[in-house]
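Residue-level listing of the chains:
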Amino acid sequence: MNYDVAVIGAGVIGSLIARELSRYNLKIALVEKCNDMAMGTSKANSAIVHAGFDAKPGSMKAKFNVEGTALMPELCKTLSVPFKPVGSLVVAFSDEEIETLNTLLEKGNTNGVPGLEIYGKEKLKEAEPYISDEAKAALWAPTAGIVCPYELTIAAAENAVVNGTDFIRNFEVKKIDFDGSIFTVSDGENNFTAKYVINAAGVFCDEIAALIGDTSIHTTPRKGEYMLCDKTVGHLANHTIFQCPSKMGKGILVTPTVDGNILLGPSAIDIDDKEDVTTQADTLASILDTAKKSVPCLTTREVITSFAGLRAHCDKNDFIIEPSEVNSQFINVAGIESPGLSSAPAIAVYVKDMLLKVLGADEKANFNPVREEPVRFRHMNNEERKALIEKNPAYGRIICRCETITEGEILDAINAPAGARDVDGVKRRTRAGMGRCQGGFCGSKVVELLARELGVEINEITKFGGNSKILYDRTK
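Being a predicted model, the structure only gives us computed values, none of them experimental. (Residues numbered from 1 in each chain as written. Predicted model: local features only at pLDDT ≥ 70, side-chain atom pairs only at ≥ 80, totals over all residues. Heavy atoms only, no water.)

**Student:** Please explain the overall build of the chain as it appears in this structure.
**Tutor:** In terms of regular secondary structure, the chain is built from 12 helices and 22 strands. The C-alpha radius of gyration of the chain comes to 22 Å, within 12% of the 23 Å expected for a compact globule of 476 residues. Reported as C-alpha extents along the three principal axes, the dimensions of the chain are approximately 60 × 60 × 45 Å. Put simply, the chain has 476 residues, and 57% of those count as buried. Taking the contacts inside the chain whose residues are at least 6 apart along the sequence as the reference set, 73% of them involve residues at least 24 apart. Accessible area of the chain: about 20300 Å², with a carbon and sulfur share of 49%. With 53 positive and 64 negative side-chain charges, the chain shows a spacing of 4 Å between the two charge centroids. (Helix = DSSP H or I, 4+ residues; strand = E, 2+ residues; numbered from the N terminus. Rg over C-alpha atoms; globule rule 2.2 N^0.38 Å. Buried < 20%, exposed > 50% of the residue type's maximum accessible area, 1.4 Å probe, protein only. Contact = heavy atoms within 4.5 Å. Areas by Shrake-Rupley, 256 points an atom, 1.4 Å probe, with all protein chains shown as cover. Lys, Arg positive; Asp, Glu negative; His and termini not counted. Charge placed at Lys NZ, Arg CZ, Asp CG, Glu CD.)

See the structure below:
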């Protein structure tokens, strides 16, 4: 296991970097400590492609946000990932907040964000009929959009694997040695070598950097809690609706998702535990109360689940994308908090160009940038469904009733390049278990299909890897 480049961390940043590097004649490893890609920040965030008006002019956040947002629609089309250019609105509820809108407009113009405009109350109400009557104005950003962050991560990793990248799961990097030219990366039992290492480990970037003696990075986990509403209220927001931002972030939003739900959140609380993704009743209640300031008719009745994610906040308040001062063959890609998802396509290109300057590899003649579109039975008409079932009867068996997900789609997810190995992996790839019943009906069948396809005992199947077993033993 000898590589030219090892990318540590299979979130959206690491996966897109691996995909960009897989265009060239290089031996690449995408290394993840969990059982699947997209297990950290990339599975639990706002899913917003920001326009770029909030970032400090001249910062890396501003540069990569605007560039990444411009790249996102075509990237999603190429990788068959859902993307919707819904635009965003930052709403002002007072004259003071209207001044904030003007400041954001000025920053956005400096950052090169196209199409920004201040909406008055009448135009805002036309764009968002359910907006509060207390809203006075809004900043309209037409280049903003929404995407599915974990689908983008999965698609990028799959495409990287198709183009020759090795995806190494369940490999928690605990030691990195350097002999003057080559790194040896170890999890305590197994190891591999790499000429270059890219540190894209999210909230753990500081710990990975410290393994080579680089203590320049300090990452604080910033927890964000969310509430997800049923599709029955999907009409309550046509665009991403922000309130005016604070020093802790962009505030509580109300936004549609690419699948037709409504998402509320996030909170922003700095914590110490880099594994703490618990939710708190009082925090969720506060999120709902604040969201109702924007859309008053929201209630708990429509909430089908809640979750939390961690953002990698660094002391520098900007992205860190540069070779380590300790070792120039070790590239830190750290502090990638919001607008990290929006910036990801541009960051990947930037890091790829950085590596090519020193590695000088040729582009592959057979590189395939396209990820074949997965079957989405729920989006098909009856004629398309009939034709599909005639080819493969597995697509005629509905496993998840809430989301209309078939057995064929679940089998595709398990058998894909770098495919699902646990229940949550199937869920992220297919949406089986994401509906109102949250897997109450389909969960047991998904477990059975995983065990059958992976050739293991049913009590070996986990929810998300590790010790998260669904079943521990047989009763008879």
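**Student:** Explain unusual backbone geometry here, please?
**Tutor:** The bulk of non-glycine residues show a negative phi, and the bulk of peptide bonds are trans. The linkage connecting Gly265 with the following residue, Pro266, adopts the cis geometry, with an omega of -5°. Relative to the elements of secondary structure, Pro266 occurs in the loop between strand E16 (262-265) and strand E17 (269-270). Cis geometry marks the peptide bond from Ser338 to Pro339, where omega comes out at 10°. You can see Pro339 is positioned in the loop between strand E20 (330-334) and helix H8 (340-359). With a phi angle near 55°, Ser80 is a residue other than glycine that sits in the positive phi range.

**Student:** Looking at this structure, how should I read the pairing of E20?
**Tutor:** Side chains on a regular strand alternate between the two faces of the sheet. Most of E20 is tucked away, with five of its five residues classed as buried. Burial of the side chains of E20 extends over both faces: Phe330, Asn332 and Ala334 are buried on one face and Ile331 and Val333 on the other. Bridge analysis of strand E19 (residues 320-323) against E20 gives four bridges, and the strand direction is antiparallel. In the strand pairing of E20, Ile320 is matched with Ala334. (Pairing = 2+ DSSP bridges.)

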